[in-house]
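Observations on the three-dimensional arrangement
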Amino acid sequence: MMKNYFKITTILFALVFGFTSCKKSYLDINENPNSATSSTPQLVLPALLNNMSSNFMTYFNYGGRIVGYMANAGGVSFVGSTTITYNFDSGSNTGLFTAAYSDLRSIQYLINTTTDAPQYALYNGVARILKSYYYQRLVDEYGDVPYTTALTGADNLTPKYDSQTAIYQSIVTELDAAIATLKANASSTTVTKLTVNGADIVFAGNVTKWIQFANNIKLRILTRAQSGSLASFVNTAFGTFSSEGFLLEDVLIQPGYVSTSARQNPVWDAYQSSYTGTITGTSYIPTTWMYSFYNGTKLTDAGRGVLTYRLFNAGTTPRGQLGAPNNPNSGGPNWYVGTGTGLNSTEAAGLLKSRVMGLCIFPASETYFLLAEAALNGRTLPGTALANFENGIRASYNYLAKTGTSTASQSATVLDNYLTAYKAANTTNANFNYLVNYNLATTNAQRLEAIITQKYIALNFIEGYEAWQEYKRTGYPRITGTTASTTFVSTESIAPTADRLPVRNLYPTTEYNLNPNVPPLSSINVFTTKVFWDNN
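As the structure is a prediction and not an experimental result, all values here were calculated from the model.

The volume enclosed by the largest pocket comes to roughly 590 Å³. Taken together, 31 residues line the largest pocket, and the ones lying closest to its centre are Glu249, Asp250, Leu252, Lys402 and Thr407. Looking at the lining of the largest pocket, the elements with two or more residues in it are β4 (251-253), α13 (364-376) and α14 (385-401). With 5 residues, the top contributor of residues to the lining of the largest pocket is α14. In the lining of the largest pocket, the residues fall into 14 nonpolar, 10 polar and 7 charged.

Turning our attention to the side chain of Gln212. Turning to its location among the elements, Gln212 is positioned in helix α8 (residues 207-225). In this structure Gln212 comes out as buried when scored by relative accessible area, which is 15%. There is a polar contact of 3.0 Å between the side chain of Gln212 and the backbone oxygen of Glu244. If near-sequence neighbours (up to four positions away) are discounted, Gln212 is found in contact with Glu244, Gly245, Phe246 and Leu247.

Attention now moves to the packing of helix α6 (residues 121-142) against helix α7 (residues 164-185). Where α6 meets α7, the axes come as close as 8 Å, and the angle between the chain directions of the two elements is 160°. In this view, α6 runs roughly antiparallel relative to α7, as classed from their interaxial angle. Every pair of crossing elements has a handedness; the one defined by α6 and α7 is left-handed. Contact residues: Ala121, Leu122, Gly125, Val126, Arg128, Ile129, Ser132, Tyr135, Gln136, Val139 and Asp140 in α6; Gln164, Ile167, Tyr168, Ile171, Glu174, Leu175, Ala177, Ala178, Thr181, Leu182 and Asn185 in α7.

So, about the environment of Thr115. Inspection of the secondary structure puts Thr115 in the loop between α5 (95-114) and α6. Reaching out from Thr115, the side chain makes a polar contact with the backbone oxygen of Ile111 at a distance of 2.5 Å.

Any empty space left between atoms is shown by rolling a water-sized probe over those atoms. Summed over all chains, the structure comprises 4 cavities of 30 Å³ or more. Quantified by volume, the largest cavity comes out at close to 100 Å³. Contributing to the lining of the largest cavity are 13 residues, with Val267, Met357, Tyr399, Phe461 and Ile462 lying nearest its centre. Of all the secondary structure elements, the ones that give two or more residues to the lining of the largest cavity are α3 (41-66) and β6 (359-362).

Before going further, it helps to spend a moment on the packing of α8 against helix α17 (residues 464-474). Where α8 meets α17, the axes come as close as 10 Å, and the angle between the chain directions of the two elements is 25°. By the criterion of interaxial angle, the relationship of α8 to α17 is roughly parallel. Between α8, through Arg220, Thr223 and Arg224, and α17, the contact on the second element is made entirely by Glu466, Gln469, Glu470 and Arg473. Taken together, the residues of the contact of α8 with α17 sort by class into no nonpolar, 2 polar and 5 charged.

Rules of the game
- Residues numbered from 1 in each chain as written.
- Predicted model: local features only at pLDDT ≥ 70, side-chain atom pairs only at ≥ 80, totals over all residues.
- Heavy atoms only, no water.
- 1 Å grid on protein atoms, 1.4 Å probe; cavity = no way out; pocket = protein on both sides within 12 Å on 5 of 7 lines; lining within 4 Å.
- Points joined across faces, edges and corners; volume = space filled by probe spheres on them.
- Helix = DSSP H or I, 4+ residues; strand = E, 2+ residues; numbered from the N terminus.
- Nonpolar A, V, L, I, M, F, W, Y, C, P; charged D, E, K, R; others polar.
- Buried < 20%, exposed > 50% of the residue type's maximum accessible area, 1.4 Å probe, protein only.
- Polar contact = N/O pair within 3.5 Å; in protein donor to acceptor, adjacent residues only side chain to side chain.
- Contact = heavy atoms within 4.5 Å.
- Axes fitted to C-alpha atoms, helices over the stretch in contact; angles between N-to-C directions.
- Parallel < 35°, antiparallel > 145°, perpendicular 65-115°, else oblique.
- Left-handed = near helix turned anticlockwise from the far one by under 90°.

Pasting the structure below:
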């Protein structure tokens, strides 16, 4: 059934959720989901997950540009654009808000229709995990957002804005409840399995992996909130992880992408080529800043460098600084690793593996680095800080070294050899050696910097949105100057802050037009109004 899944997605969403109009987006997401019709959870879930993979690109693009992975290519004009000035207004990056609520409406529909239907308990648990996943992303960029009354449909078309700290606590509770539901029903013979109709296009019906994924999301939330006003709550919650532990593999959405139609992997489609062979992604090139973590300017990393950038060995990958008018052009066919051009592109190791590769939404490397930070802070979770740190680097290389549709990991020997070579190449680098060789860090500040910097490298062109939130929280990787290799800040930044970066986005214009409960514009400044956990 999975191969037929795409055929039902458009029809299903049209029937269940209705087609939306441009001018009333927020009212659309608050239509009463119960007034839809009788679509079954095993049809709604795969359609929802596929839609999440499409909406993921909104976060992918924004994160990659603002956190220093991408710069504008030569000949591409962004004069006056908020992308390079950071002068965000209510029309900037609105998809971060609207895409989340679009999927949250679908998620709430699943929750509503399964809450009193015990045969669909597994679907209820999964939906609650996905709800927490999205609300974490919303809070991290906007702070207070509609939550308790946001998804009640026609019962409340002007939902209130809830406290960001209250939402963070609530979604941790939601994850715990979802885990309890999944655990209680995993072995039941009376519930509808997640495998029916190929509904689970992430873990193929493996309930244990969903529980572990929930633990991963909870770990991310608690790590982010640990030093702010929720410190007491976080300290207690760190002792409440489910015994199933953490998922130490890359989390992929894989609906069965098709190489001969527009239903191919969305990252490939945006940055390599369309299914007809048209070259894409030529508006952006890698940054000189990011390249310096591979080519020896900051760190030497030939192993991941050659798996990340085309022409890395030749040293001729086009690169520049965001906002700079004299950047080189993209050089085509694409600047992240792949093989061939357009329709001649073939399966390869690297970032752009194939048209039908799964979409990575939570890499294993991130989980290991979260665990490394937990150990650094004395949390009693699996593994030492050193072991998790080095496993995070291994997992990063492992993901890049996979090819195409393959999910086979590299051997332990291959991963160990890579790590040994990486450490050796950076041992004598006095300024940055502790960023690779954890044991060379002499203070906890250096240890945290090493963990976050390696997470930043591992998320390059994979999960820039999370890398951006981590920079906001920690200030790592450190900006050390104003030149292209010492900062990722746009040359056109108007930010008055010390690092010349914004700290958040504004709520969309549609919110100000339709919801009187939105915080007034006068109370929000994109450069100074931080979310509660941003202590940097």
